[in-house]
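Given next are the chains, with one letter for each unit.
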Amino acid sequence: MSDLDQLQRDLMAAIDAAASVDGLESIRVSALGKAGSVTALLKTLGSMSPDQRLVEGPRIQGLREAVTSAIATRKAALDRAELDARLASETLDMTLPAAAAPQGSVHPVSQVMDELAEIFADLGFAVATGPEIEDQWHNFTALNMPESHPARAMHDTFYLSPSPLRGEGRGEGQSHALSPDTAPLPASGEREMFVLRTHTSPVQIRTMMGQQPPIRIIAPGRVYRSDWDATHTPMFHQIEGLVIDKGITLGHLKWTLETFLKAFFERDDIVLRLRPSYFPFTEPSAEVDVGWTMEKGRRTLGGSEGWMELLGSGMVHPRVIEACGLDPNEWQGFAFGVGVDRLAMLKYGMDDLRPFFEGDARWLKHYGFSALDVPTLSQGVGA
């Protein structure tokens, strides 16, 4: 037997006997490394005569290929044995909670939106949505806001360029995905300036025009107004509620708001005060104040040491009902609206609205919620 054959037998025996991947790596280096035994044989080919190289070259190359293949096969077997051993010894308890980190967090606005949807769903309200780019008829005119109304002023509202295309008419504007090019234009067909909606009230108009009463909806979403300070931002979130039915009174409105606020703030001592006010789309209209008390140096909603204005509400104006094609002598209703961001600030102790939109990871980590903290009425909406 030649030295080459003996070397191959020794290497194969060592590879088969390797008990670990590290030991197998040592054999590979000793055979195929820069100073390895097989590498040394390959280096001798340069000093051989052509006839010798013709004979010995294929043998040495065959040895290298055989060793390389054997090492790969043995490594696969060792890896498989290691995995089998781990599977036999390790267990995974599927009842354990998922690891809490690393992970992102749910923004307070998203959390409060979920809380509100959970509360109002229990009260029988559906969620309705609509386009954020609105024509003035849905955003102002149908809501009994004449052209001279201050809300339509350029310094309060974001106006967009007129649409180059004509819509299909006011009566076919029930789509919840209208673009500026497909939103309905005035009956005259004249070009109209479009706006970023200033409230989610246009969703109420589209809902009343698109379905028959009775109607019970909430309309959450982004709205836009030209303002910027610690308590106002150009874009913020609002939720409005609408009920249209027969025999609706202010008593139904007050009960709904009391039930909603008690569930949201998770306190039974929520006290409301309705003050006469004016909104063009409701009559009568009422500002809703919520009682507060001082607890540990902080003003907390609940009790009646003082009053804080929280939301606007009222009975839907007959002109609004009539503009949507309903008979105000048959159908009545109430509506209300409140800022979602403000609700979050009051419930979770935030004093500045601007960080809501700055994307500061530290703020989000402090005020954010776990994705697993899904609001439920049984566990508390502020879970």
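Rules used throughout
- Residues numbered from 1 in each chain as written.
- Predicted model: local features only at pLDDT ≥ 70, side-chain atom pairs only at ≥ 80, totals over all residues.
- Heavy atoms only, no water.
- Helix = DSSP H or I, 4+ residues; strand = E, 2+ residues; numbered from the N terminus.
- Buried < 20%, exposed > 50% of the residue type's maximum accessible area, 1.4 Å probe, protein only.
- Contact = heavy atoms within 4.5 Å.
- Areas by Shrake-Rupley, 256 points an atom, 1.4 Å probe, with all protein chains shown as cover.
- Polar contact = N/O pair within 3.5 Å; in protein donor to acceptor, adjacent residues only side chain to side chain.
- Salt bridge = Lys/Arg side-chain N within 4 Å of Asp/Glu carboxyl O.
- Core = buried A, V, L, I, M, F, W, Y, C linked by side-chain atoms within 4.5 Å.
- Pairing = 2+ DSSP bridges.

Visitor: Teacher, can you tell me more about the overall build of the protein chain here?
Guide: Looking only at helices and strands, the protein chain has 11 helices and 11 strands in total. The buried share among the 383 residues of the protein chain stands at 40%. In the protein chain, once contacts between residues fewer than 6 apart in sequence are set aside, the share between residues at least 24 apart is 65%. Taken as a whole, the protein chain presents about 20500 Å² of accessible surface, with 54% of it coming from carbon and sulfur.

Visitor: What am I meant to see in the side chain of serine 285 here?
Guide: Structurally, serine 285 is set in strand β8 (residues 282–295). On the basis of relative accessibility, which here comes to 5%, the residue serine 285 falls in the buried class. At 2.5 Å, the side chain of serine 285 and the side chain of threonine 282 are in polar contact. What serine 285 contacts, discounting residues up to four positions off in sequence, is Arg275, Pro276, Ser277, Tyr278, Phe279, Ser313 and Gly314.

Visitor: Would you mind going over helix α7 (residues 201–210) with me for this structure?
Guide: Turn by turn, an α-helix covers 3.6 residues, leaving residues three or four places apart pointing in a common direction. Where burial is concerned, most of α7 is hidden: nine out of the 10 residues are buried. Buried within α7 we find Ser201, Pro202, Val203, Gln204, Ile205, Arg206, Thr207, Met208 and Met209.

Visitor: Would you explain the pattern of salt bridges in this entry?
Guide: If the charged atoms of two oppositely charged side chains come close together, the side chains can form a pair. Applying the stated rule across the entire model yields 20 salt bridges. Among the ionic pairs, arginine 28 bridges to glutamate 25, the shortest N-O distance being 2.8 Å. With arginine 28 and glutamate 25 both in helix α2 (residues 21–32) and three residues apart, this pair spans about one turn of that helix. The class for glutamate 25 is partly exposed, based on a relative accessible area of 38%. Residue aspartate 269 pairs with arginine 267 through a salt bridge whose shortest N-O separation is 2.8 Å.

Visitor: Mind showing me how you'd approach the nonpolar core here?
Guide: Phe260 and Leu343 are the most contacted members of the largest nonpolar core, which has 38 residues in total. Put simply, the parts of the chain that give this core at least two residues each are α5 (108–122), β6 (235–245), α8 (250–265), β8, β10 (306–316), β11 (332–339) and α10 (340–348).

Visitor: Which parts of the structure should I look at to understand the pairing of β8?
Guide: Successive side chains on a regular strand alternate, one facing one side of the sheet and the next facing the other. Among the 14 residues of β8, 10 are classified as buried, and the element is accordingly described as predominantly covered. Summarising the sheet, strand β7 (residues 272–279) and β8 pair through seven bridges and their orientation is antiparallel. Following the sheet pairing, leucine 274 is matched in β8 by valine 288. Here β7 hands over to β8 after two residues, the two strands then running antiparallel side by side. Relative to strand β9 (residues 298–301), β8 is paired through four bridges, and the arrangement is antiparallel. The partner of tryptophan 292 across the bridge, within β9, is leucine 301.

Visitor: For this particular structure, what's the right way to read the sheet that holds strand β2 (residues 133–134)?
Guide: Hydrogen bonding along the main chain pairs the strands of a sheet, whether they run parallel or antiparallel. Taken in spatial order, the three strands line up as β2-β4-β3 in an open sheet, and their pairing is antiparallel. Edge positions in the sheet fall to β2 and β3 (159–160), since each of these pairs with one other strand and no more. As paired strands, β3 and strand β4 (residues 194–196) are joined by two bridges and run antiparallel to one another. Each bridged residue has a counterpart across the sheet, and for tyrosine 159 the counterpart in β4 is valine 195.

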